[in-house]
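Take a look at the letters that make up each chain.
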Amino acid sequence: LCSLASADISMPRGGAVLQAGHWEVHAGFISKGDDLLQEVMTVDEAKLRARQLPGCKGFCFSGLDRGGRMKVFFKSKWDNHIGKNEWTSYRCMQACAPPDTGYIASSSA
């Protein structure tokens, strides 16, 4: 199971990327539309959920990861935009469920 401990990173500025395991972390948001799910949860919970959602390419939320629960937007597309408000996006690089198969990615720690 891949994870990126929130306390171990500082958010990249200006669209810079941090990588850890199966995830890239980006400053910015994934554009409107192609939502698979919206749910309130932590980043660690969102990483697990994203790997189970068929067709999920990533997720985003308003603000920075401060370790608490926030409204997370799961997307079937990946693009990254910097706007006037601060957002954080996570891109699933591998082991996310493919579209339309019902496959559930198993966790192997």
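Nothing here was measured: the structure is a model prediction, and the numbers come from that model. All chains use their own residue numbering, which begins from 1 and follows the written sequence. pLDDT decides what is reported in this predicted model: residues at 70 or higher carry local features, side-chain atom pairs at 80 or more are listed and counted, and totals for whole chains, interfaces and linings draw on all residues regardless. Side-chain numbers here rest on the full set of heavy atoms in the structure, without hydrogens or water.

**Description of the overall build of the protein chain**
Secondary structure summary: the protein chain contains 1 helix and 6 strands in total. Looking at the protein chain as a whole, 39% of its 109 residues are labelled buried. A total accessible area of about 6,000 Å² is found for the protein chain, and carbon and sulfur atoms account for 49% of it. The numbering of helices and of strands both runs from the N terminus, where a helix is a DSSP run of H or I of at least 4 residues and a strand a run of E of at least 2. Relative accessibility decides the category of a residue: with a 1.4 Å probe and only protein chains considered, values under 20% of the type maximum give buried, values over 50% give exposed, and everything between is partly exposed. Under the convention used here, a 1.4 Å probe and the Shrake-Rupley method define accessible areas, while residue burial counts only the protein chains that appear.

**Observations regarding the pairing of strand β5 (residues 70–75)**
The buried count for β5 comes to 5 of 6 residues, which makes it a mostly enclosed element. Whether two strands pair comes down to DSSP finding at least two bridges between them. Across 6 bridges, the pairing between strand β3 (residues 35–41) and β5 is antiparallel. When the bridges of β5 are listed, D35 appears paired with K75. Sheet analysis places strand β4 (residues 58–62) next to β5, joined by 3 bridges and oriented antiparallel. Note that in β5 the partner of G58 across the bridge is K75.

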